[in-house]
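Inside the fold
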Amino acid sequence: NRVVALIVAAGSGSRMGGGIPKQYRKVAGVPVIARAFDALVSHPKVDAVHIVIGASQETMLADALGDRVMTSSPGGATRRESVRAGLEAIGSAGRVLIHDAARPFLPATVIDRLIAALDEAEGAIPALPVVDTLVRAEGGVLGDNVEREGLARVQTPQAFRFDDILAAHRNWSGDAEPTDDAQVARAAGHKVLAVPGDAMLEKLTHEADFAAAEARLGAVMT
Ligand code: CTP
Ligand code: MG
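Residues numbered from 1 in each chain as written. Chains lettered and ligands numbered in written order. Predicted model: local features only at pLDDT ≥ 70, side-chain atom pairs only at ≥ 80, totals over all residues.

Overview of the overall build of the protein
Across its full length, the protein carries seven helices and 12 strands. Against the 2.2 N^0.38 benchmark of 17 Å for 222 residues, the protein shows a C-alpha radius of gyration of 17 Å, consistent with a compact globule. Buried residues in the protein amount to 39% of all 222 residues. Here the contacts in the protein between residues at least 6 apart in sequence split such that 70% fall between residues at least 24 apart. (Helix = DSSP H or I, 4+ residues; strand = E, 2+ residues; numbered from the N terminus. Rg over C-alpha atoms; globule rule 2.2 N^0.38 Å. Buried ≥ 20, exposed ≤ 12 C-beta atoms within 10 Å, placed from the backbone. Contact = placed C-beta atoms within 7 Å.)

Right, here's the structure in full:
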């Protein structure tokens, strides 16, 4: 019942901009992907880490990870295709934790909760409640408010029984591109549980997120 972590790092970070993709940049002195890698590999229940990367990202990955031990293979044109390619490359495992390279701060407690939840369901994801008011807004024009009660913000890692999520990805036939794997699992009829996420786990998406993450980290350490 081996636990493998799959880090998806094949994105280009178009919303972030800048010279190199966000996952290879440093946050508080350490490359984003190296932080994600270290959090996963240092967890006692995680046996191995596999990383999917974009075309011509080999050098950036090597620079970011130094002598850390892992395997890597090519990702795809969308996040979904990158995950599918990574699962195929891993081939077999008992359970898998699928994690965004762009989420560098991953508490061990979240991994504990996810793995425990897999005893009760085929999948488990970290989620946080929505605290802000939600409203439809297109082109700056406001529409109706959206009831936030009953909604959650979804993070990664997302944990699955390996055979279930691989089959779900192979059978995916949805129209809109899914932005997470729980959607793929649920489309295949699997039960996915939510466990409490963590504010530190926020994804680095826009430029300002780097400064915000460093500020949060500073606040935690002092
Ligand atoms: N990802 C991937 N393969 C893709 C697209 C995304 O492996 N074809 C990964 C990213 O590297 C990131 C994670 O999926 O770790 C979450 O995606 P996102 O935050 O959207 O990153 P990007 O797609 O790189 O950024 P953007 O959407 O702004 O271009
Ligand atoms: Mg993207």
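Thoughts on the pairing of strand β7 (residues 123-129)
One ladder, built from two bridges, connects β7 with strand β11 (residues 158-161); its direction is antiparallel. Looking at the pairing, A124 lines up with A159 of β11. Sheet topology note: the β7/strand β10 (residues 152-154) ladder contains three bridges and is antiparallel. Residue P129 lies in a different strand from β10, and its bridge partner there is A152. (Pairing = 2+ DSSP bridges.)

Thoughts on the environment of A219
Checked against the element boundaries, A219 lands in helix α7 (residues 208-221). As a C-alpha pair, A219 and R103 span 116 residues in sequence and 18 Å in three-dimensional space.

Thoughts on the site of ligand 1
Near ligand 1 there are 23 residues, and of these V8, A10, G11, S14 and R15 occur at the shortest range. Elements with a contribution of two residues or more to the shell around ligand 1: β1 (3-9) and α3 (79-90). Its residues placed into classes, the shell around ligand 1 shows nine nonpolar, 10 polar and four charged. (Near = placed C-beta within 6 Å. Nonpolar A, V, L, I, M, F, W, Y, C, P; charged D, E, K, R; others polar.)

Some details on the confidence of the model for the protein
Confidence along the protein averages 96 in pLDDT terms, with 99% of residues attaining 70 or more. Interface scoring of the predicted complex returns ipTM 0.99; its pTM is 0.96. (pLDDT = per-residue confidence, 0-100.)

Regarding helix α1 (residues 32-41)
Burial of α1 is extensive: eight of the 10 residues sit out of reach of the surface. Turning to α1, its buried residues are V32, I33, A34, R35, A36, F37, A39 and L40.

Some thoughts on unusual backbone geometry
Between T156 and P157 the backbone carries a cis peptide bond, its omega angle lying at 10°. Its place among the elements puts P157 in the loop between β10 and β11. A positive phi angle, near 45°, is found at A28, a position not held by glycine. Mapping A28 onto the fold places it in the loop between β2 (26-27) and β3 (30-31). For A28, a count of 16 C-beta atoms within 10 Å translates into the label partly exposed. One non-glycine residue, S56, lies in positive phi territory at about 65°. Considering the arrangement of structural elements, one finds S56 in the loop between β4 (48-53) and α2 (58-65).

Re the packing of α3 against helix α5 (residues 162-171)
It is the contact of α3 with α5, at a shortest axis distance of 10 Å, that shows an interaxial angle of 130°. Judged on the interaxial angle alone, α5 and α3 are oblique. Crossing angle aside, the handedness with which α3 passes α5 is left-handed. Two secondary-structure elements touch here, α3 through V83, R84 and L87 and α5 through I165, L166 and H169. For the contact of α3 with α5, the class distribution of residues is four nonpolar, one polar and one charged. (Axes fitted to C-alpha atoms, helices over the stretch in contact; angles between N-to-C directions. Parallel < 35°, antiparallel > 145°, perpendicular 65-115°, else oblique. Left-handed = near helix turned anticlockwise from the far one by under 90°.)

Description of the environment of A48
By the secondary structure assignment, A48 is in strand β4. A C-alpha to C-alpha distance of 20 Å links A48 and Q23, two positions 25 residues apart in sequence.

Brief notes about α5
Every buried residue belonging to α5 is among F162, I165, L166, A168 and H169, and all of these are buried. Taken around the axis of α5, the buried residues stretch over an arc of 160°, which confines them to a single face. Those residues of α5 that are exposed and angled more than 90 degrees off the buried face are R170 and N171. (Arc of directions from axis to C-beta.)

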